[in-house]
Every structure is written in C-alpha cells, then in structure tokens.
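# Working through the structure, step by step
Chain by chain, the residues run as shown.
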Amino acid sequence: MSAHAAASGSRVRGAWPVLVVLVVLCVVTSRSVPMASPVTTTGTGASGHVRAQLPRTVRLVVDYSHGQRYDPTYYMDEHLWDNLMLMGFEVILATGGLNETILEGADALMIASVVQEQDMFSVAEVAAVQSWFSEGNKFLWVACDCELSGEHVTNTSNVVLAAVGSHVYGEIAAVADPVHNVDASYRVLVSDADRDPRVFAMVAPLTLPSAQVVMHSPTLVYGSDSTDPAPDVDPVPLESQSVDGVYPLLYYSANATVLDATPPPSRAHSDGQTGPLVAMTAEFGAGASGTGVIVVSGNSPYGDFMPMCSEEYRGVALNGLALVRQVVYFGVLNALDPDPPVITGPDDLAVPYGSTGNTILWTLTDELPGGYELFRNGTHVLSGPCTSQVFNLSVDLDGLDLGTYNFTLVVCDFVGHTSVDTVIVEVYYDPAYADTTPPSVSQPDNVTVAVNTSASVVWDVSDDHPALYAVYVDGEILIAGQWNATMDTVEFQLEGLDVGLHNVTLVVVDLAGNRASSTVWVSVVESTAPDLVSLLVQQLPLIITAVCDVTVVAFGALTVRARRRSQVAPSAVPQSGSDTPLGESGEGTPPVAE
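Residues numbered from 1 in each chain as written. Predicted model: local features only at pLDDT ≥ 70, side-chain atom pairs only at ≥ 80, totals over all residues. Heavy atoms only, no water.

## Points about the sheet that holds strand 24 (residues 390–396)
Rules: Two strands form a pair only when DSSP identifies at least two bridges running between them. A run of H or I in DSSP counts as a helix once it spans at least four residues, and a run of E counts as a strand once it spans at least two, with each numbered from the N terminus. An axis is simply a line fitted to the C-alpha atoms; with a helix, the fit covers only the stretch in contact. Between two such axes, the angle follows the N-to-C directions and lies from 0 to 180 degrees.
Spatially, the 3 strands line up as an open sheet ordered 19-21-24, and their pairing is antiparallel. Both edges of this open sheet fall to strand 19 (342–344) and strand 24, since each of them pairs with a single strand only. Averaged over all pairs of adjacent strands, the angle between their axes in this sheet comes to 20°, without regard to strand direction.

This is how it looks when you write it as structure tokens:
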C-alpha cells in the first residue's frame, strides 16, 4: 500500500480539493423489470428515496447477451436498475447482442463477464463497442472473472478492453482469501477502498466503518504501461507501479493469494503471490478521444452467481449496491464532464486607495456547473451556485483599506472537479485619491510639576491612516516615530525638564499628509518651597486679633495680570526629502503671576 500511496500522489492533476463530493445513496425497494430484446426501462421506480440526481437523463446499456443472467440472483440486478432509474438513468437491457443500433445515443455501457465459450463476443460486437467508445465522453465498465471458469472468460473481457484502448486488463488467474471471506476462501470479502481524492467519491460506501463487498471467485487486474496498450504490452502490477490516468479503486486484503496453477501464466503477478492486490480500477481520460472513463473489476457487478451489488450473502451484511451505483454515477459524470471548471480572471491588481468602480471579474466555464466559494485573506466571504455553463462572477473592491489582499476563488462542478484561482490586490496610497481629514488630537491641560518628579503629558490620537508623530520641547524635537493603527495615545515624560517654563508640542501626520498638533505649557518649579503650614501656625494669633479689631483689614493687594503672548503652532510637516523634522514648536509665554 505504501508504494501505491506514493505513486498515486504523483498522478493527481490540478488542484484536487481535500473536500470531495460524497453522495450517500439511500436504499430503495425492488421492482420487477421485464426482459425483452432489448428492454428499455424508464419511470419513477418504486417507493424510496435516492439523494443523488443526474443533471440530465443518461442512457445506460447493460449487456445481457452473453449468458450473464443468473435467475436465482436476478432480483439483485432488478434492484440495482431500479435504483439507477431513480437517479436519472434510462436503463436498456440488451439481450440480442451489442451493435450500433443498441448503442446509439448511449452514454454508458456495462459488460459483466461472459459465461460459456459460445457466449464470447463476436468480431462485429467488439467493433461496435470500439466505435461507440471512440465517440468520446463515454463510461464503460468491463468485468473479468477467475480462470476456474475457463481462460475464455477473462480473455473475452480483455479483447473488449484492448479494442477501446484500456490500460488495465484482467489476469487469467484467481484470487482466494483464507481470512476475509464468507465461509470459503473463494468467496472473498473486500473492504479496502483507495482514499485518493480523485476517486474517493466513487468508493465512498466502502470507506464507512465495517463496510464490505463480496467478490465471488474473482481475479485481479494489472496495468499496461504503454502508449499503445494491450494485454501483453508492458504489463505492470498496479500494487507497486502506477500508470498515468489509472487509479485503483479496491484492494484485496494482505491475506489474499494469487492462484495461477494452470497455463497461461499471469502477466504481472505470480502464483502464490499475496496481497494487497488490486481488485478494481478506474481510468480517466481513456480511449482515442481522451475523454472516456473505463472501470475494470475482477468480478461482475451484476449478472453472476453472486454479483458485487449484493447487499447480503449467507447472513453477512454487504455494501455492494451502494458501491456499484456510486461507481456508475460518478464514473458517468466524469465521462460527461471530464475536465475541471475553467476560470478566466484578471492578473494581480493595484488599486488606488479611495478610488471607486474597482472589481474583479471572473468567468467560470464548465459542462456541468456546480458552485463557487470566495476567500479573502483566508476568510470565507462569498459563495453561491454557478447557474449557467458560462457564469460571470464580479467582486466589488471599493472601500478596501490600504494593504495587500489575497482573493482566492474555488470552483467545484457537478462532478466534483475543482479549480482554484488567486488574484492579489494591492490597495496603495495615491495623492489623487487622498483623504483631507486631519488626525484627531486631544488637548491636555497645562501643568505645573516639581523638578525631577515623575509626571507626563498624554495625548489621545486617532486617524484612519496614521503615519508619523513627533514631540517638540521649546522648538527642539525630542522624540519621533512611526504612528501605527494600534497606537491611540502618545505619552511624554517630564522628569528630565529643567526648572522653568516649557512649550511641549505634539505633531501627528497621516498617510495623506494631513497634520494636527497640540501644545501643552509645562511649568517646572523647585522642589524646596517655604513651609507654609509652619508660617501659618506662627501668625495665627495675629490674624485672629486683626479680624476681631478691624472690620476690613487690608493686608495687601495682589494684582494678577494675565499676559498672553502669541503661541506659534508648529510649522507644516515637510514633504519627503526635506532636511527638517516633522515641524518646529512655536515659542510663547503662558499666563504668569506677579
């Protein structure tokens, strides 16, 4: 398994998502489908519910012309066709051979392994299948069987596969499992489904806990690693080697053993080889058109002694019905729409801040459109359905702040194919679209502090696009720095100022060049002032006596004259390349007492 896991990773083309479409189909009751040559079955089916629905009616031809019908288990086939009809398939049971008439207009064909040598395909039938598949966008399921029924069984299947250009063939051998089985080693139970995102939706029913399917007297499959494939051309074991476009779907367990005691020998395996062994594959981009899907299995999905679509065998619960219809459903979708959505969008964009009318326009094209999701810097911002095969999606960029934005669009079609496109948008400053609103700066009160004591002036500042700040003391810049969006205050410590009166001015500038300032007058005084309390205590008796003896005691007059000198605001902020700082503090004198 480790070798396959390494190989499968290299085969994934494009950006297949971690999230794949998983449709769990519900079981419906059986309904009789009459046999004829051919029989076309349509209608709504019996009571029940199937969640998955095709985007249009799909014509599926089922081969019953080569002895595949087995009456004791035919009710299982009926149940399978009934389910497929409810999903939107038109099921045609071909009992009179395969030819151009029966295949005309068909989207899909299922061929179970033949039974007797007289049931082998004619040359004309092989040619009809080849011609039909070469039209492109076709789904083909060809089943093989073990050599115990005769080498003609798998040889016939391989002839059909070679005609359509398949890169996968059935070994003329058998597989037995002494551990995982239903009461006998040749009744093999399979529960190991591949987890590759490319095929996960097809095998989803077997990824559930305890899920399994029976493959009764099966064989295994191998690859032809050649641009001109054939059963005997460059055979490779798919357990350890990869073939472009081929994905294993199911594996036999590690206990499974190859039984190849009679000639001819297996082409890519040996007698007694143990598992895990590839039991079933899907090939995408198959055929001359490069648009087909071919499924090859080591056992028949219908029309056998115990077909893979069985839901119970000898008291063992099985998930065969869900598996078969899931493989058919997603196999057909991949054939109808083999390619992921095409996203046509712009290159990376540069948008001036404050400008309007800016958009990203994507055109999404797909045969079976699905939906989209849009992410901005990793956050989901928009989603919806693609309502037409050519769908335009426009995203408004107006109002974005300055900065860089990653817009990633993920588009998923009806099949589950996914495409991704990313546009980087740079919103930059352009004077033509600059804002004219200056920053907001608070105005603290003037302060008086004792020299060398801890005190500060704090300004509240705000702006949508802050840039720089500077603090001047008496016209000299003392601190300056970058003003960012998280900085809503500027604080200046006063303990280093000398005794005297100081002009402390803050200047802030935004990205558009708008400026604002605020000036605080700071009076720094000596810390050793007269002991006023002691003086009052000494003079208290005299003051009391004076108050009692004199109605009005004029003990002095204090004239306070307020002189104001003009305060000069800091000069305009220099432009880039100036030899001066942000601005110079104005000089002025605050109110003083005489």
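## Some points on the pattern of salt bridges
What counts here: Only one rule defines a salt bridge in this text: a Lys or Arg side-chain nitrogen within 4 Å of an Asp or Glu carboxyl oxygen. Between buried and exposed lies partly exposed: a residue is buried under 20% and exposed over 50% of the maximum accessible area for its type, with that area taken using a 1.4 Å probe on protein chains only.
Going through the model one piece at a time under the given rule, you end up with 5 salt bridges. Two residues, D107 and R56, come together in a salt bridge whose shortest N-O distance is 3.1 Å. Residue D107 is found in the loop between helix 3 (100–103) and strand 4 (108–111), and its partner R56 is found in the loop between strand 1 (39–41) and strand 2 (58–63); the two are separated by 51 residues along the sequence. Owing to a relative accessible area of 10%, D107 belongs among the buried residues under this scheme.

## So, the nonpolar core
Let me state the cut-off plainly: Take the buried Ala, Val, Leu, Ile, Met, Phe, Trp, Tyr and Cys residues and link them wherever side-chain atoms come within 4.5 Å; each set so joined is a nonpolar core. By the convention used here, residues are in contact when the closest approach between their heavy atoms is within 4.5 Å.
With 69 residues, the main nonpolar core has W81, F89, M202, L250 and Y252 as its most contacted residues. The greatest single-element share of this core, amounting to 11 residues, is contributed by helix 7 (residues 320–336). Excluding residues within four positions of it along the chain, Y252 makes contact with V175, V188, V190, M215, P218, T219, L220, P276, L277, V278, A279 and G298. Core analysis: the second largest hydrophobic core is formed by 37 residues, A106, V126, V168 and Y222 among them.

## Some details on the packing of aromatic side chains
Any pair of aromatic rings gets described here by the distance separating the centres and the angle formed by the planes. In plain terms, the rule: Whether two aromatic rings pair depends on their centres lying within 6.5 Å, for rings of Phe, Tyr and Trp, where Trp uses its six-membered ring; planes under 30 degrees apart make the pair stacked, over 60 edge-to-face, and the rest tilted. Over a ring means this: the NZ of a Lys or the CZ of an Arg is within 6 Å of the ring centre and within 35 degrees of the ring normal.
Under the counting rule described, the total for this entry stands at 10 aromatic pairs. Pairing Y64 with Y302 gives two aromatic rings, centres 5.3 Å apart and planes at 65°, and the pair type is edge-to-face. Remark: Y302 occurs in the loop between strand 16 (292–297) and strand 17 (312–313) and Y64 occurs in the loop between strand 2 and helix 2 (74–86); sequence separation between them is 238 residues. Here the two residues Y64 and Y302 agree in accessibility, since each one is buried. Pairing Y169 with Y222 gives two aromatic rings, centres 6.2 Å apart and planes at 40°, and the pair type is tilted. Placement of Y169 in strand 6 (residues 168–170) and of Y222 in strand 11 (residues 221–224) is noted, with a sequence separation of 53 residues between them. The rings of Y64, Y74, W81 and Y302 are connected pair by pair, giving a single aromatic cluster. Lying over the aromatic face of F284, R198 brings its terminal NZ or CZ to 3.8 Å of the ring centre.

## Focus: the side chain of T418
Applicable threshold: Whenever two N or O atoms come within 3.5 Å, that pair is a polar contact, provided that in protein one can donate a hydrogen and the other can accept it, and provided that, for residues adjacent in sequence, both atoms are side-chain atoms.
Structurally, T418 is set in strand 26 (residues 418–428). Polar side-chain contacts of T418 include one of 3.5 Å to the backbone oxygen of G416.

## Regarding the packing of helix 4 (residues 123–134) against helix 5 (residues 151–163)
Applied cut-off: When describing relative orientation, an angle under 35 degrees is termed roughly parallel and one over 145 degrees roughly antiparallel, while 65 to 115 degrees is termed roughly perpendicular and anything else oblique. Crossing handedness follows the turn of the near helix against the far one: under a right angle anticlockwise gives a left-handed crossing, and clockwise gives a right-handed one. Throughout, the ten residues Ala, Val, Leu, Ile, Met, Phe, Trp, Tyr, Cys and Pro are labelled nonpolar, Asp, Glu, Lys and Arg are labelled charged, and all others, Gly among them, are labelled polar.
Between helix 4 and helix 5, the least distance of the axes is 9 Å, while the angle of their chain directions is 40°. Compared by their axis directions, helix 4 and helix 5 come out oblique. Viewed along their axes, helix 4 and helix 5 form a crossing whose handedness is right-handed. Listed contacts from helix 5 to V126, V129 and Q130 of helix 4 are V159, V160 and A163. Residue composition of the contact of helix 4 with helix 5, by class: 5 nonpolar, 1 polar and no charged.

## Remarks on unusual backbone geometry
A cis geometry characterises the amide bond from P263 onward to P264, with omega recorded as 0°. For the bond running from G275 to P276, omega is 5°, close enough to zero to count as cis. Relative to the helices and strands, P276 resides in the loop between strand 14 (257–259) and strand 15 (278–286). Its identity as a non-glycine residue notwithstanding, S210 has a phi of 65°, on the positive side. By the element assignment, S210 lies in the loop between helix 6 (200–203) and strand 10 (213–216).

## A word on the pairing of strand 34 (residues 515–525)
A regular strand places its side chains so that they alternate between the two faces of the sheet. Relative to strand 34, strand 28 (residues 447–450) runs parallel, the two being bridged by 4 bridges. Across the sheet, residue V447 finds its bridge partner in strand 34, namely V522. Pairing of strand 33 (residues 500–510) with strand 34 involves 10 bridges; the strand directions are antiparallel. Of the residues in strand 34, the one forming a bridge with T505 is T519. The antiparallel hairpin formed by strand 33 and strand 34 contains 4 residues in its connecting segment, where G513 sits at a positive phi of about 90°.

Such coordinate-based values are descriptive only and should not be taken to indicate function.
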